[in-house]
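Results of the structural survey
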Amino acid sequence: MRRAVLLAFGILAFGAVRVPFEARLAVSQRAQGLRAARLDLSMRAQLGQLGFIAALSGFRAIVADGFWIHAETAWERVDWARMKIDFDIVTALQPQCVLFWEMASWHMSHNASVAALQNQKQPREAVRVRAARDFIKIGEDYLLQGIANNPTSTKLHEALGRLYRDKMDDHCRAADEFAKAAALPRAMMYVHRFALYELAQCPGHEREAYEGMKALFLKSENEHLPTLLKWLGTLQDKLAVPPEESVYIPPTSGF
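Predicted model only: the values in this text are computed from it and were never measured.

Let us look at the confidence of the model for the protein. Summing up the model confidence of the protein, the mean pLDDT is 81 and the portion of residues at 70 or higher is 75%. Per-residue pLDDT stays below 50 along residues 1–41; that stretch engages in 44 contacts with residues further than four places along the chain or on separate chains. Across residues 47–58, confidence stays below pLDDT 50; counting only partners more than four residues off in sequence or on other chains, it has 35 contacts.

What follows concerns the state of the cysteines. Inspection of every chain in the model, using the stated rule, returns one disulfide. Two residues share a disulfide in this structure: Cys 172 and Cys 202, whose sulfurs sit 2.1 Å from each other. For the disulfide bridge between Cys 172 and Cys 202, the dihedral angle about the S-S bond is near 100 degrees, and by the sign convention the bridge is right-handed. You can see Cys 172 sitting in helix α9 (residues 171–182) and its partner Cys 202 sitting in the loop between α10 (189–199) and α11 (206–219), a full 30 residues away along the chain. Cys 172 sits in the partly exposed class, given a relative accessible area of 34%. Residue classification places Cys 202 among the buried residues on the basis of a relative accessible area of 5%.

With that settled, the discussion passes to the pattern of salt bridges. Pairing is possible between side chains that carry opposite charge, provided their charged atoms lie close to one another. What the rule picks out here adds up to 15 salt bridges. Among the salt bridges present, the one from Arg 207 reaches Glu 211, with a minimum N-O distance of 3.4 Å. Placement of both Arg 207 and Glu 211 in helix α11 is noted, with a separation of four residues, approximately one turn of the helix. For Arg 207, a relative accessible area of 42% corresponds to the partly exposed category. For Glu 211, a relative accessible area of 33% translates into the label partly exposed. In this structure, Lys 214 engages Glu 211 in a salt bridge whose closest nitrogen and oxygen atoms are separated by 3.4 Å.

Procedures and definitions
Residues numbered from 1 in each chain as written. Predicted model: local features only at pLDDT ≥ 70, side-chain atom pairs only at ≥ 80, totals over all residues. Heavy atoms only, no water. pLDDT = per-residue confidence, 0-100. Contact = heavy atoms within 4.5 Å. Disulfide = S-S within 2.5 Å. Helix = DSSP H or I, 4+ residues; strand = E, 2+ residues; numbered from the N terminus. Buried < 20%, exposed > 50% of the residue type's maximum accessible area, 1.4 Å probe, protein only. Salt bridge = Lys/Arg side-chain N within 4 Å of Asp/Glu carboxyl O.

Put into C-alpha coordinates, the structure is as follows:
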(Lines give C-alpha, C1' and ligand atoms only; values in the text may rest on other atoms or scores of the structure.)
Protein backbone atom coordinates (compact mmCIF):
# COMPACT_ATOMS: atom_id res chain seq x y z
CA MET A 1 0.00 0.00 0.00
CA ARG A 2 2.80 2.39 0.99
CA ARG A 3 4.63 1.58 -2.22
CA ALA A 4 1.58 2.39 -4.31
CA VAL A 5 1.13 5.70 -2.48
CA LEU A 6 4.79 6.63 -3.06
CA LEU A 7 4.52 5.69 -6.73
CA ALA A 8 1.37 7.77 -7.12
CA PHE A 9 3.07 10.70 -5.38
CA GLY A 10 6.08 10.43 -7.70
CA ILE A 11 3.83 10.36 -10.75
CA LEU A 12 1.94 13.43 -9.57
CA ALA A 13 5.20 15.28 -8.86
CA PHE A 14 6.43 14.61 -12.37
CA GLY A 15 3.04 15.59 -13.69
CA ALA A 16 3.24 18.97 -11.99
CA VAL A 17 6.13 19.76 -14.31
CA ARG A 18 4.32 18.42 -17.36
CA VAL A 19 0.90 20.01 -16.77
CA PRO A 20 1.76 23.49 -18.15
CA PHE A 21 3.21 21.88 -21.27
CA GLU A 22 0.18 19.58 -21.67
CA ALA A 23 -2.15 22.56 -21.27
CA ARG A 24 -0.38 24.54 -24.00
CA LEU A 25 -0.43 21.48 -26.25
CA ALA A 26 -4.17 21.00 -25.70
CA VAL A 27 -4.87 24.64 -26.59
CA SER A 28 -2.77 24.28 -29.74
CA GLN A 29 -4.59 21.09 -30.74
CA ARG A 30 -8.02 22.64 -30.21
CA ALA A 31 -6.97 25.61 -32.34
CA GLN A 32 -6.21 23.16 -35.15
CA GLY A 33 -9.52 21.37 -34.74
CA LEU A 34 -7.91 18.25 -33.26
CA ARG A 35 -9.48 16.15 -30.53
CA ALA A 36 -7.70 15.13 -27.35
CA ALA A 37 -8.36 12.20 -25.04
CA ARG A 38 -11.26 12.46 -22.64
CA LEU A 39 -10.08 11.29 -19.23
CA ASP A 40 -13.56 10.82 -17.78
CA LEU A 41 -15.03 8.25 -15.38
CA SER A 42 -15.33 5.58 -18.06
CA MET A 43 -11.65 5.99 -18.88
CA ARG A 44 -10.87 5.83 -15.15
CA ALA A 45 -12.62 2.47 -14.93
CA GLN A 46 -10.69 1.08 -17.89
CA LEU A 47 -7.25 2.37 -16.88
CA GLY A 48 -7.35 1.52 -13.20
CA GLN A 49 -6.23 3.85 -10.42
CA LEU A 50 -2.50 4.10 -11.11
CA GLY A 51 -2.97 4.11 -14.87
CA PHE A 52 -5.47 6.95 -14.61
CA ILE A 53 -3.14 8.97 -12.37
CA ALA A 54 -0.26 8.31 -14.78
CA ALA A 55 -2.30 9.52 -17.76
CA LEU A 56 -3.30 12.66 -15.87
CA SER A 57 0.32 13.28 -14.92
CA GLY A 58 1.90 13.36 -18.36
CA PHE A 59 2.60 9.66 -18.94
CA ARG A 60 0.03 9.24 -21.72
CA ALA A 61 2.52 7.82 -24.22
CA ILE A 62 3.86 5.26 -21.75
CA VAL A 63 0.38 4.18 -20.65
CA ALA A 64 -0.74 3.95 -24.29
CA ASP A 65 2.25 1.78 -25.21
CA GLY A 66 1.45 -0.54 -22.31
CA PHE A 67 -2.12 -1.03 -23.45
CA TRP A 68 -0.93 -1.47 -27.04
CA ILE A 69 1.22 -4.40 -25.94
CA HIS A 70 -1.74 -5.75 -23.98
CA ALA A 71 -3.92 -5.47 -27.11
CA GLU A 72 -1.41 -7.60 -29.03
CA THR A 73 -1.65 -10.21 -26.27
CA ALA A 74 -5.44 -10.13 -26.53
CA TRP A 75 -5.13 -10.66 -30.29
CA GLU A 76 -3.00 -13.77 -29.71
CA ARG A 77 -5.71 -15.06 -27.34
CA VAL A 78 -8.41 -14.20 -29.91
CA ASP A 79 -10.06 -12.02 -27.27
CA TRP A 80 -11.64 -9.40 -29.54
CA ALA A 81 -13.67 -7.69 -26.79
CA ARG A 82 -10.60 -7.10 -24.64
CA MET A 83 -8.62 -5.99 -27.69
CA LYS A 84 -11.21 -3.35 -28.52
CA ILE A 85 -11.11 -1.98 -24.97
CA ASP A 86 -7.33 -1.70 -25.23
CA PHE A 87 -7.53 -0.01 -28.63
CA ASP A 88 -10.11 2.46 -27.32
CA ILE A 89 -7.73 3.44 -24.52
CA VAL A 90 -4.69 3.64 -26.80
CA THR A 91 -6.35 5.82 -29.41
CA ALA A 92 -7.93 8.06 -26.78
CA LEU A 93 -4.59 8.65 -25.07
CA GLN A 94 -2.62 9.15 -28.31
CA PRO A 95 -5.12 10.49 -30.87
CA GLN A 96 -2.39 11.97 -33.09
CA CYS A 97 -0.64 8.62 -33.58
CA VAL A 98 -1.78 7.50 -37.04
CA LEU A 99 -0.36 3.99 -36.59
CA PHE A 100 -2.64 3.27 -33.62
CA TRP A 101 -5.80 4.18 -35.55
CA GLU A 102 -4.67 2.28 -38.65
CA MET A 103 -3.75 -0.93 -36.83
CA ALA A 104 -6.81 -0.83 -34.56
CA SER A 105 -8.98 -0.67 -37.66
CA TRP A 106 -7.05 -3.45 -39.38
CA HIS A 107 -7.33 -5.86 -36.46
CA MET A 108 -11.07 -5.32 -36.09
CA SER A 109 -12.13 -5.08 -39.75
CA HIS A 110 -9.87 -7.86 -41.03
CA ASN A 111 -8.67 -10.24 -38.30
CA ALA A 112 -11.75 -10.09 -36.06
CA SER A 113 -14.25 -10.08 -38.94
CA VAL A 114 -12.62 -13.10 -40.62
CA ALA A 115 -12.52 -14.95 -37.30
CA ALA A 116 -16.23 -14.23 -36.83
CA LEU A 117 -17.06 -15.67 -40.25
CA GLN A 118 -15.02 -18.80 -39.54
CA ASN A 119 -16.34 -19.28 -36.00
CA GLN A 120 -17.38 -22.93 -35.95
CA LYS A 121 -18.91 -22.54 -32.50
CA GLN A 122 -21.70 -20.52 -34.09
CA PRO A 123 -23.72 -22.83 -36.37
CA ARG A 124 -25.93 -20.07 -37.81
CA GLU A 125 -24.34 -18.42 -40.82
CA ALA A 126 -26.53 -15.31 -40.54
CA VAL A 127 -25.21 -14.68 -37.04
CA ARG A 128 -21.61 -15.12 -38.20
CA VAL A 129 -22.13 -12.70 -41.08
CA ARG A 130 -23.74 -10.11 -38.80
CA ALA A 131 -20.85 -10.38 -36.33
CA ALA A 132 -18.32 -9.94 -39.14
CA ARG A 133 -20.15 -6.83 -40.36
CA ASP A 134 -20.16 -5.42 -36.84
CA PHE A 135 -16.38 -5.81 -36.62
CA ILE A 136 -15.96 -4.17 -40.03
CA LYS A 137 -18.09 -1.25 -38.83
CA ILE A 138 -15.88 -0.92 -35.76
CA GLY A 139 -12.87 -0.79 -38.07
CA GLU A 140 -14.54 1.94 -40.11
CA ASP A 141 -15.30 3.94 -36.96
CA TYR A 142 -11.64 3.81 -35.90
CA LEU A 143 -10.55 5.26 -39.23
CA LEU A 144 -13.22 7.96 -39.21
CA GLN A 145 -12.18 9.00 -35.71
CA GLY A 146 -8.54 8.84 -36.73
CA ILE A 147 -9.17 11.14 -39.69
CA ALA A 148 -11.09 13.55 -37.45
CA ASN A 149 -7.95 13.80 -35.30
CA ASN A 150 -5.48 13.67 -38.21
CA PRO A 151 -7.26 15.26 -41.19
CA THR A 152 -4.07 15.54 -43.30
CA SER A 153 -3.09 11.88 -42.96
CA THR A 154 -2.96 10.30 -46.40
CA LYS A 155 -2.44 6.88 -44.76
CA LEU A 156 -5.77 6.98 -42.92
CA HIS A 157 -7.74 8.10 -45.98
CA GLU A 158 -6.04 5.38 -48.02
CA ALA A 159 -6.80 2.78 -45.33
CA LEU A 160 -10.46 3.85 -45.31
CA GLY A 161 -10.55 3.59 -49.10
CA ARG A 162 -9.17 0.05 -48.90
CA LEU A 163 -11.74 -0.88 -46.27
CA TYR A 164 -14.63 0.41 -48.41
CA ARG A 165 -13.19 -1.41 -51.43
CA ASP A 166 -12.16 -4.72 -49.88
CA LYS A 167 -14.56 -5.21 -46.96
CA MET A 168 -17.69 -3.20 -47.80
CA ASP A 169 -17.74 -3.38 -51.62
CA ASP A 170 -18.56 0.34 -51.75
CA HIS A 171 -16.74 1.62 -54.83
CA CYS A 172 -18.11 5.15 -54.67
CA ARG A 173 -16.93 5.81 -51.12
CA ALA A 174 -13.67 4.01 -51.85
CA ALA A 175 -13.05 6.33 -54.82
CA ASP A 176 -13.78 9.37 -52.66
CA GLU A 177 -11.34 8.32 -49.91
CA PHE A 178 -8.58 7.41 -52.36
CA ALA A 179 -9.07 10.78 -54.06
CA LYS A 180 -8.80 12.57 -50.70
CA ALA A 181 -5.61 10.65 -49.95
CA ALA A 182 -4.15 11.47 -53.36
CA ALA A 183 -4.80 15.20 -52.84
CA LEU A 184 -2.73 15.29 -49.64
CA PRO A 185 1.03 15.92 -49.40
CA ARG A 186 3.33 12.89 -49.67
CA ALA A 187 0.64 10.72 -51.25
CA MET A 188 1.89 7.88 -53.43
CA MET A 189 0.95 7.99 -57.11
CA TYR A 190 -0.78 4.62 -56.99
CA VAL A 191 -3.47 6.11 -54.72
CA HIS A 192 -4.62 8.35 -57.57
CA ARG A 193 -4.88 5.30 -59.82
CA PHE A 194 -6.84 3.46 -57.13
CA ALA A 195 -9.29 6.37 -57.02
CA LEU A 196 -9.86 6.12 -60.78
CA TYR A 197 -10.24 2.33 -60.72
CA GLU A 198 -12.94 2.62 -58.05
CA LEU A 199 -14.59 5.55 -59.82
CA ALA A 200 -14.91 3.36 -62.91
CA GLN A 201 -17.14 1.06 -60.82
CA CYS A 202 -19.23 3.89 -59.37
CA PRO A 203 -22.46 4.20 -61.43
CA GLY A 204 -22.67 7.47 -63.34
CA HIS A 205 -18.96 8.30 -63.04
CA GLU A 206 -17.59 6.14 -65.85
CA ARG A 207 -16.85 9.11 -68.12
CA GLU A 208 -15.00 10.92 -65.34
CA ALA A 209 -12.96 7.81 -64.62
CA TYR A 210 -12.16 7.34 -68.31
CA GLU A 211 -10.96 10.91 -68.77
CA GLY A 212 -8.73 10.58 -65.72
CA MET A 213 -7.21 7.32 -66.95
CA LYS A 214 -6.77 8.71 -70.44
CA ALA A 215 -4.84 11.63 -69.01
CA LEU A 216 -2.54 9.25 -67.16
CA PHE A 217 -2.08 7.10 -70.27
CA LEU A 218 -1.07 10.11 -72.34
CA LYS A 219 1.16 11.47 -69.58
CA SER A 220 3.81 8.77 -69.64
CA GLU A 221 4.47 5.21 -70.75
CA ASN A 222 5.27 4.46 -67.13
CA GLU A 223 1.54 4.74 -66.52
CA HIS A 224 0.73 1.96 -69.03
CA LEU A 225 0.13 -0.55 -66.27
CA PRO A 226 -1.96 -3.71 -66.86
CA THR A 227 -4.86 -2.64 -64.63
CA LEU A 228 -4.99 0.83 -66.17
CA LEU A 229 -4.99 -0.64 -69.69
CA LYS A 230 -7.70 -3.13 -68.75
CA TRP A 231 -9.97 -0.39 -67.44
CA LEU A 232 -9.27 1.86 -70.42
CA GLY A 233 -10.38 -0.89 -72.78
CA THR A 234 -13.44 -1.69 -70.65
CA LEU A 235 -14.55 1.94 -70.40
CA GLN A 236 -13.97 2.65 -74.08
CA ASP A 237 -16.36 -0.20 -74.88
CA LYS A 238 -18.89 0.83 -72.24
CA LEU A 239 -18.86 4.49 -73.32
CA ALA A 240 -18.86 3.54 -77.03
CA VAL A 241 -15.77 5.63 -77.73
CA PRO A 242 -15.20 5.73 -81.54
CA PRO A 243 -12.05 3.85 -82.65
CA GLU A 244 -10.49 7.05 -84.00
CA GLU A 245 -10.84 8.69 -80.58
CA SER A 246 -9.62 5.73 -78.56
CA VAL A 247 -6.22 6.17 -76.95
CA TYR A 248 -5.69 2.46 -76.32
CA ILE A 249 -6.30 -0.42 -78.68
CA PRO A 250 -6.44 -3.73 -76.80
CA PRO A 251 -4.41 -6.53 -78.43
CA THR A 252 -6.48 -8.98 -80.46
CA SER A 253 -6.24 -12.73 -80.15
CA GLY A 254 -4.23 -14.52 -82.79
CA PHE A 255 -6.80 -17.28 -83.11
